[in-house]
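Analysis of the macromolecular model
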Amino acid sequence: MTGTDTTDTARLTGATAAAALALGDDALILSHRLGEWAGHAPVLEEEVALANIALDLLGQARILLSLVGDEDELAFLREERSFRNLQLVEQPNGDFAHTIARQLYFSFYQHEVYGELARGDGPFAPLAAKAVKETAYHRDHAEQWTLRLGDGTEESRSRMRAALDALWKFTGEMFQPVDGLDGLDPAALEQRWLAALTGVLDRAGLDLPQGPRTGAWAAGAGRQGLHTESFGRMVAEMQHLHRSHPGASW
Amino acid sequence: MVAVTPETGPDTALGADGTDGTDMTADLGAQLAAAFDAAVAADERVEPRDWMPDEYRASLVRQMAQHAHSEIIGMQPEANWITRAPSLRRKAILMAKVQDEAGHGLYLYSAAETLGTSRDELLDKLHSGKQKYSSIFNYPTLTWADVGAIGWLVDGAAITNQVPICRCSYGPYARAMVRICKEESFHQRQGYELLLALSRGTEAQHAMAQDAVDRWWWPSLMMFGPPDDESAHSAQSMAWRIKRHSNDELRQRFVDIAVPQAESLGLTLPDPDLKWNEERGHHDFGAIDWAEFWDVLKGNGPCNEQRIGQRRKAHEEGAWVRDAAAAYARKQTAQQAAQQAANPAGQNEEARV
């Protein structure tokens, strides 16, 4: 065991473990992407805010991965094809508008998912009850920036529109059924997500993108271990040091 | 330090130096200066609305700006390792640390604003090279162990420098420093603990830790600034109680603290002349390469261009974001004003007409 085991409780198995990996990998990978902003943010307040969100997500990831196995083995020793995160969260940061569009799509989804899980009595309820408070802040952050960029300058509006369009094709995957999260009704989730998203975009003076929500092989692909090209490099960077010292403690 | 606030208050025509050119106010200026000196000597705190000499204000702005710039430039060498942190626990600690540094930058720029200098103005001076940041950040972080060495040595040196500033004569700076020092001492412990894990780890990890300490030791000693007899701002800063100990005193204090810590870590310090001097009650240490210090300060360090280049790039690439936020805020204000004008005191349109 190379990492810190944060739980002594019995590990999840089967479909529930798969669901923990799916949710945990989403949080782990998005946290990593947001961590890439450190030292590059447009304004000092955003250095703090983006790091805050990244830290919340990393905390969620650590709990979820530890429900399945050793958190560090799972983060640093799995091959790219074994990660179960959505393709959306692995997309490169792009400009600030792309990062905000990714946050907007994902935080609204994650907030709905955790809200639902927190109301249930399944294995994720305790985690979700805590995480939903964090995702409420993440959603608010994304919403406020969407309003500022959408209703700011001509440039910010066109950048935000381009970012929303570019990432739109990765949103369909969020509403594919996930094994082990049987209590979640993907269709209802999608409806609530779309309604909330449309509300924000309306206020920002932005239109809901019109393109397809799934590419030729994007539907549910991340959850099945199919990722996009940039993900391989991201994982290589993330895992390099850990893998260079097999068995070492840090 | 309310005692030296001019009784005439902020609405009078007093210049920044407390004079308006007449004899009476020239006398007042001299009185204010004398009262200021006495209050500072009595360890009273100066607050933003108090009268203060222009040179005091300028000296504080210079020091606080340099400190704030060091926090935000200092994010870079450590952020360099966030995406490669070797365990999730270490990754969380490192992200939180870099975030703290951004937060320190925020407090310090805000504290400087109490002296009438905006953050934008100070950032422009950083980007144009008119103001400096701590030269230590012009050294590269080449391995993971550098993250630990920065925490232990660089943050350790910073704390030694900064703890006395918690008692600095200028209130907002002193108060900002109290919080900053608490967080810095946490960072230092984390850095020490990171190095300890490496030192007690595999042979390769131990070598990595030793190499990092070898590279960071001397630059850390340089962080206290030039020797006392060559320090340009020291004497006046000490008289004003902005600074309380000389560069050499603080450097000695740091060395005395670091030596036993290095022993506990199982690591050596790269100085053959380092030894306990019974007579002085301090460690003697070897000569610092001041030529290197001045060379790095002048811009010839390994990362000077890279650090300032990244800072400028982030600022320039973020301009459209800041413009958007400002435009949005203006629109919101205008909209609220229009709503109020159309509907004063909550009355409806018909009632108003």
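Residue numbers restart at each chain and count upward from 1, following the sequence in its written direction. Chains and ligands are labelled sequentially in the order written, the chains with letters from A and the ligands with numbers from 1. It should be noted that, the model being predicted, local features are given only for residues of pLDDT at least 70 and side-chain atom pairs only at 80 or more, the latter also being counted only at that level, while totals for whole chains, interfaces and linings use all residues. Here the side-chain values reflect all heavy atoms present in the structure, with hydrogen atoms and water set aside.

**Points about the overall build of chain B**
In this description a helix means any DSSP run of H or I spanning at least four residues, a strand means any run of E spanning at least two, and both kinds are numbered starting from the N terminus. Along the backbone of chain B there are 14 helices and 2 strands. Dimensions of chain B along its principal axes, counting C-alpha atoms only, are 85 × 55 × 30 Å. Working rule for contacts: check all heavy atoms of both residues, and any pair within 4.5 Å makes them a contact. Partitioning the intrachain contacts of chain B with sequence separation of at least 6 by distance along the chain shows that 77% fall at a separation of at least 24. Residue-level accessible areas treat just the shown protein chains as cover; the underlying method is Shrake-Rupley with a 1.4 Å probe. Looking at chain B as shown, the accessible area adds up to about 16,200 Å², and 53% of this sits on carbon and sulfur atoms. In summary, the charge assignment counts Lys and Arg as positive and Asp and Glu as negative, without counting His or the chain termini. Taken as the charge centre is NZ of Lys, CZ of Arg, CG of Asp or CD of Glu, depending on the residue. When the 36 basic and 50 acidic side-chain charges of chain B are each reduced to a single mean position, those positions are 6 Å apart.

**Quick look at a negative patch on the surface**
All names here are of chain B. A surface patch of negative charge is lined by Glu-113, Asp-120, Glu-121 and Asp-124. Among the elements that line the negative patch, the one with the most residues is helix H5 (residues 119-127), at 3 residues. In this fold, Asp-120 is placed in helix H5. Relative accessibility under 20% of the residue-type maximum defines a buried residue, over 50% an exposed one, and the middle range a partly exposed one, all with a 1.4 Å probe and only protein chains included. For Asp-120, a relative accessible area of 52% translates into the label exposed. Exposure above 30% relative accessible area and the lack of any salt bridge qualify a residue for a patch; like charges then connect within 9 Å, and the nonpolar side chains Val, Leu, Ile, Met, Phe, Trp and Tyr within 5 Å. Salt bridges are identified by distance alone: a Lys or Arg side-chain nitrogen within 4 Å of an Asp or Glu carboxyl oxygen.

**Remarks on helix H5 (residues 96-119) of chain A**
All names here are of chain A. The span you would expect from a helix comes to 1.5 Å times its residue count less one. Taking 1.5 Å of rise per residue, 24 residues should cover 34 Å, and H5 covers 34 Å from first to last C-alpha, within 8% of that figure. In terms of burial, H5 is largely enclosed, as 20 of its 24 residues are buried. Two or three places before Ala-97, at the opening of H5, Asp-95 has a side-chain oxygen 3.1 Å from that residue's backbone nitrogen. Here a polar contact means two N or O atoms within 3.5 Å. Within protein one must be a hydrogen donor candidate and the other an acceptor candidate, and residues neighboring in sequence count only if both atoms are side-chain atoms.

**Section: the interface of chain B and chain A**
Counting residues at the interface gives 44 residues for chain B and 48 residues for chain A. Buried surface at the junction of chain B and chain A, summed over both partners, amounts to about 3,900 Å²; 69% is from carbon and sulfur atoms. Across the chain B-chain A interface, the total number found is 2 salt bridges. The residue Asp-151 of chain A makes a salt bridge to Lys-331 of chain B at a minimum N-O spacing of 3.2 Å. Taken together, the connections running from chain B to chain A amount to 14 residue pairs in polar contact (both at pLDDT 80 or more). At the level of secondary structure, the elements contributing two or more residues to the side of chain B that touches chain A comprise helix H3 (75-79), helix H4 (88-113), helix H7 (171-199), helix H8 (203-222), helix H12 (304-317) and helix H13 (319-342) of chain B. By buried area we mean the combined loss of accessible area, with a 1.4 Å probe, across both parts when two parts are placed together.

**What about the layout of surface pockets?**
Residues and elements named next belong to chain B. Looking at the largest pocket, its volume works out to about 1,200 Å³. Points on a 1 Å grid, built from protein atoms alone, make a cavity when a 1.4 Å probe fits but cannot get out and make a pocket when they are open with protein on both sides within 12 Å along at least 5 of 7 lines; residues with an atom within 4 Å of a point are the lining residues. In this structure, the largest pocket is lined by 47 residues; those nearest its centre are Gln-66, Asn-161, Met-223, Phe-224 and Gly-225. Broken down by element, the residue count for the lining of the largest pocket peaks at 6 residues, all from helix H2 (residues 54-73). Class assignment for the residues of the lining of the largest pocket results in 21 nonpolar, 16 polar and 10 charged. Grid points are joined across faces, edges and corners, and a volume is the space filled by probe spheres set on the points. Only Asp, Glu, Lys and Arg are considered charged, only Ala, Val, Leu, Ile, Met, Phe, Trp, Tyr, Cys and Pro nonpolar, and every remaining residue, Gly among them, polar.

**So, unusual backbone geometry**
All names here are of chain B. Although it is not a glycine, Asp-43 sits at a positive phi angle of roughly 65°. For Asp-43, the position within the fold is in the loop between helix H1 (23-41) and H2. Phi is positive for Arg-241, which is not a glycine, with a value near 60°. Relative to the elements of secondary structure, Arg-241 occurs in the loop between helix H9 (234-239) and helix H10 (247-265). Given the relative accessible area of 25%, Arg-241 is considered partly exposed.

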